Amino acid sequence: MEKYLREEIKSLVAYEVIDRDYKVKLDANEGIEWIKGLNRYPGDRSDELREELAEQLGRNKDEILLGNGSSELIELVMKAYLEAGETVASFSPTFSMYRNFTIMHKGKYVGYPLENMKKLNVDGFVEFVHEEKAKIVILTNPNNPTGLLIPKEDIVKIIKSVDAMVILDEAYIEFSDGPQNETMEEFENLIILRTFSKAMSLAGIRLGYMVSNEKNIEYINRVRSPFNVNMLTQEMGLKALKNRETTSKNIEIIKKERERMREFLQGKGIEPFSSAANFLFFTTSKEIFHALEDSAVLIKGFSGELEGYYRLTIGTPEENNSVIKVIEEVQNKNNEYK
Ligand code: PMP
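### Some points on the side chain of Ser 70
When you line up the elements, Ser 70 lands in helix H2 (residues 69–81). Contacts of Ser 70, omitting those with residues within four sequence positions, involve Leu 193, Arg 194, Thr 195 and Gly 208.

Right under this line is the structure:
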């Protein structure tokens, strides 16, 4: 929304690459080809990929912008909208990079505590955003690391009530049980972020996308580096979009495994938070964490305020069995000593 745009960006013009047919191309200081096609710059705005995404989402391609992971897109929103000293509000705990990006962009970051880390008090949050005069609000749905899914009515209420740009980070949305491909109806102040890193299992290609109205996309384009999504990534992204069955199959496996792991942990007296994502969040003994570590089975352990909490990414059935095996061994050993 222009109202929230940084003053300098209001008059900045986006770098424009004009694709023309050619016989000889000597206009971009590119080199001599030695790996097929890679001497050329990629398409600047990833047109083909955006068209395919637009079709799948039922949107227009000018409502989509691609980035080098959704991480880049979070930063681009800040580059466009956040003046030095202005506030970014989210809840707590959540994805830690929001704070880091805010600080890098000279902003102030504030987090509103979730109730017992399990529930968002929507009215309290809206009031908090007003009090803090936040310019950007970040909602992560489902949340990382807790797995909390905020109901759509609550999200809509927040978007409508705050005087700020809202980033709705849906990095894990495909693992939730709601409508899979529903993109939120348009709100002028809403920017939705998604990624190929989680449900699409392509963290290695670094690809994320933003969906918003054409105006917002045009503003963000002004602060995007030219050619920000490389040619190999564009190719792989397109391939993935045309191969949705693999993704759907993997999502089903992860959802089933998530419930199997939940039941296993509960059986061992560990109570994971309810999760609509591809991970479980829980508190347990250091002993279990270290036993996993000693077996070279990595799970995420948190520090600071989240000391004692762990996040287990749901893997393949075999990978998850490795976790089960280690935890069972620890418990059997403990029972022997009783
Ligand atoms: N948003 C959330 C909530 C995340 O958890 C992550 C990665 N952990 C990202 C964004 C960034 O993902 P990527 O840059 O790989 O798209």
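And the narrative resumes.
### Here's the deal with the pattern of salt bridges
One pass over the full model with this rule turns up 24 salt bridges. With a closest N to O distance of 3.0 Å, Arg 258 and Glu 259 form a salt bridge. When the shortest N-O distance is used, the salt bridge between Glu 328 and Lys 268 registers 4.0 Å. Remark: Lys 268 occurs in the loop between helix H8 (244–267) and strand E8 (279–283) and Glu 328 occurs in helix H10 (residues 317–336); sequence separation between them is 60 residues. A relative accessible area of 24% places Lys 268 in the partly exposed class. One network of salt bridges, with partners in common, ties together Lys 25, Asp 27, Glu 30 and Arg 40.

### Points about the sheet that holds E8
Read across the sheet, 3 strands follow the order E8-E10-E9 without closing on themselves; strand pairing throughout is antiparallel. The strands lining the two open edges of the sheet, one partner per strand, are E8 and strand E9 (300–301). With respect to the sheet, H8 is in contact with E8 and strand E10 (309–313), its orientation differing from that of E8 by roughly 15°.

### Remarks on the site of the ligand
Lining the immediate environment of the ligand, one finds 14 residues, of which Ser 70, Ser 71, Asp 169, Thr 195 and Ser 197 sit closest. Residue Ser 70 places a main-chain N or O atom 2.7 Å away from an oxygen atom belonging to the ligand. Tyr 172 is positioned such that a nitrogen or oxygen atom in its side chain is 2.8 Å from an oxygen atom of the ligand. Compared with its free state, where it exposes 400 Å², the ligand has 90% of that area covered by protein. Tallying contributions element by element places H2 first for the shell around the ligand, with 3 residues. Residues belonging to the shell around the ligand are distributed by class as follows: 4 nonpolar, 7 polar and 3 charged.

### Side note on helix H9 (residues 286–294)
Those residues of H9 that sit buried are Ile 288, Phe 289, Ala 291 and Leu 292. Each buried residue of H9 lies within a common arc of 165° when the element is viewed along its axis, so the set occupies one face. Taken together, the buried residues of H9 touch E9, E10 and H10. Note on H9: the residue one or two positions beyond its end, Ala 296, has a positive phi of about 60°.

### Brief notes about the pairing of strand E3 (residues 108–113)
Note that strand E2 (residues 87–92) and E3 share 6 bridges and pair parallel. Following the sheet pairing, Phe 91 is matched in E3 by Tyr 112. Remark: the E2/helix H3 (residues 97–104)/E3 crossover connection has right-handed handedness.

### Details of a nonpolar patch on the surface
Taken together, Trp 34, Ile 35, Leu 38 and Leu 232 make up a surface patch of nonpolar side chains, about 470 Å² in accessible area. By secondary structure assignment, the location of Trp 34 is in the segment before helix H1 (47–57).

### So, the sheet that holds E3
Read from one edge to the other, the open sheet built from 7 strands follows the order E1-E7-E6-E5-E4-E2-E3, with strand pairing classed as mixed. With partners counted over all chains shown, the strands left at the sheet margins are strand E1 (64–67) and E3, one partner each. Between one strand and the next, the sheet's axes are offset by a mean angle of 25°, whatever the strand orientation. Relative to strand E6 (residues 190–195), strand E5 (residues 165–169) runs parallel, the two sharing 4 bridges.

### Notes on the side chain of Ser 46
Looking at the element boundaries, Ser 46 is found in the segment before H1. Residue Ser 46 is classed as buried on the basis of its relative accessible area, which comes to 1%. At 3.2 Å, the side chain of Ser 46 and the side chain of Gln 234 are in polar contact. When residues no more than four places from it in sequence are discounted, the contact partners of Ser 46 are Leu 66, Val 229 and Gln 234.

### Overview of the packing of aromatic side chains
Both the distance between ring centres and the angle between the ring planes are used here to describe each pair of aromatic rings. Here the structure, examined in full by the defined rule, presents 13 aromatic pairs. Ring centres 6.2 Å apart and planes at 85° place the aromatic pair Phe 273 and Tyr 309 in the edge-to-face group. Within this pair, whereas Phe 273 is found in the loop between H8 and E8, its partner Tyr 309 is found in strand E10, the two being separated by 36 residues in sequence. The pair Phe 273 / Tyr 309 is uniform in exposure class, with both members buried. Ring centres of Phe 281 and Phe 302 lie 5.8 Å apart, and the angle between their planes is 80°; this geometry places the pair in the edge-to-face category.

Criteria and thresholds
All chains use their own residue numbering, which begins from 1 and follows the written sequence. A pLDDT threshold of at least 70 governs which residues receive local features in this predicted model, and a stricter bar of 80 or more applies before side-chain atom pairs are shown or counted, although totals over entire chains, interfaces and linings include all residues. In computing side-chain values, all of the structure's heavy atoms are included and hydrogens and water are not. The secondary structure listing takes helices from DSSP runs of H or I that are at least 4 residues long and strands from runs of E that are at least 2 residues long, numbered from the N terminus. Throughout, a residue-residue contact means that at least one pair of heavy atoms, one from each residue, lies within 4.5 Å. Within this document, salt bridges are pairs made up of a side-chain nitrogen of Lys or Arg and a carboxyl oxygen of Asp or Glu, the two lying within 4 Å of each other. A 1.4 Å probe rolled over the protein chains alone gives each residue an accessible area, and that area as a share of the maximum for its type sets the label: buried under 20%, exposed over 50%, partly exposed in between. Pairing between strands is defined by DSSP: at least two bridges between the two strands are required. Axes, fitted as lines to C-alpha atoms, cover a helix only where it is in contact. Angles between the N-to-C directions of the axes lie from 0 to 180 degrees. Proximity is defined per residue: if any heavy atom of the residue lies within 4 Å of a molecule or strand, that residue is considered near it. Under this definition, polar contacts are N or O atom pairs within 3.5 Å; protein pairs additionally need one hydrogen-donor-capable and one acceptor-capable atom, and for neighbouring residues in sequence, both atoms have to be side-chain atoms. The Shrake-Rupley method, run with a 1.4 Å probe, gives the accessible areas here. Residue values count only the displayed protein chains as cover. Note on residue categories: nonpolar means Ala, Val, Leu, Ile, Met, Phe, Trp, Tyr, Cys or Pro, charged means Asp, Glu, Lys or Arg, and polar means any other residue, Gly included. The directions considered for the arc run from the helix axis to the C-beta atoms. Clockwise travel from the first strand over the helix to the second, with the strands pointing away from the viewer, marks a crossover as right-handed. Each patch is assembled from residues with relative accessible area greater than 30% and no salt bridge, linking like charges that lie within 9 Å and nonpolar side chains (Val, Leu, Ile, Met, Phe, Trp, Tyr) that lie within 5 Å. For Phe, Tyr and Trp, where Trp contributes only its six-membered ring, two rings pair if their centres lie within 6.5 Å, and the inter-plane angle classes them as stacked under 30 degrees, edge-to-face over 60, or tilted in between.

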